[in-house]
Amino acid sequence: MIQRTGKDNMMAPEALALMGITNEGRDIPVRQLSGEGTGGRYVVSLVNIRKIHEFIFHRRQGDVLILHLADTKFTRLQSVRYPRTGKPSLMTDVAAADADFQQQVAFWYSEIPGR
């Protein structure tokens, strides 16, 4: 079941700054949807801070939050690992980032009504 997490939410800026999305150090305004799947809770955020629409797909894997920045063509642009007790870092393992991104996008495609 997909849930809208609220009209407007805010995301902490640390991980997004690594992806080049900044709001002068303030939280980033987003619109979010969330859903539960076999891989945990999936969240997709729509960001429109740079006058263009971008998506951030994220889900928690244990104590690590994995975030992927994508354009409206669902091309992965950047990925970040954010440990619960640490600092965010860019994912340098391209194969792992691509695999997780594909899993997250597949979850959302499976949730489209009528598919």
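All figures in this text were calculated on a predicted structure; none of them were measured in a lab.

(A) Quick peek at the overall build of the chain. Across its full length, the chain holds 2 helices and 8 strands. The globule rule puts the C-alpha radius of gyration for 115 residues at 13 Å, and the 13 Å found for the chain is close to it. Along the three orthogonal principal directions, the C-alpha set of the chain runs to about 40 × 30 × 25 Å. Within the chain, the proportion of its 115 residues that are buried is 37%.

(B) Seen up close, the nonpolar core. In terms of nonpolar packing, the biggest core is built from 13 residues, with L16, I21, I56 and L67 touching the most fellow members. Mapped onto this core, the elements with two or more residues apiece are α1 (13–18), β3 (28–37) and β6 (64–70). The element best represented in this core is β6, accounting for 3 residues. In this view, L16 contacts M11, I21, I28, I56 and L67; residues no more than four positions away in its chain are not counted. With 9 residues, the next largest nonpolar core counts V44, F55, A70 and V105 among its residues.

(C) How the structure looks around the pairing of β3. Relative to β3, strand β2 (residues 9–11) runs antiparallel, the two sharing 3 bridges. Across the sheet, the residue bridging to M10 is P29, located in β3. Judged from the 8 bridges that link them, β3 and strand β4 (residues 40–47) form a sheet pairing that is antiparallel. Bridge pairing links E36 to R41 in β4. Counting the residues between successive antiparallel strands, the hairpin from β3 to β4 contains 2 residues.

Cut-offs applied
Sequence order as written defines the numbering, with residues in each chain counted from 1. The model is predicted, so local features are restricted to residues of pLDDT at least 70 and side-chain atom pairs to those at 80 or more, both for listing and for counting; the totals for chains, interfaces and linings are taken over all residues. Side-chain metrics rest on all non-hydrogen atoms present in the structure, leaving aside hydrogens and water. Helix and strand definitions follow DSSP, with helices as H or I runs of at least four residues and strands as E runs of at least two, each counted in order from the N terminus. Our radius of gyration is a C-alpha quantity, and the globule rule it is checked against amounts to 2.2 Å times the number of residues to the power 0.38. Burial classes: relative accessible area under 20% of the type maximum marks a residue as buried, over 50% as exposed, and values in between as partly exposed (1.4 Å probe, protein chains only). Only buried Ala, Val, Leu, Ile, Met, Phe, Trp, Tyr and Cys residues count toward a nonpolar core, and they belong to the same one when joined by side-chain atoms within 4.5 Å. Residue contacts are defined here by distance: any two heavy atoms, one from each residue, within 4.5 Å place the two residues in contact. Think of it this way: DSSP has to see at least two bridges between two strands before they count as a pair.

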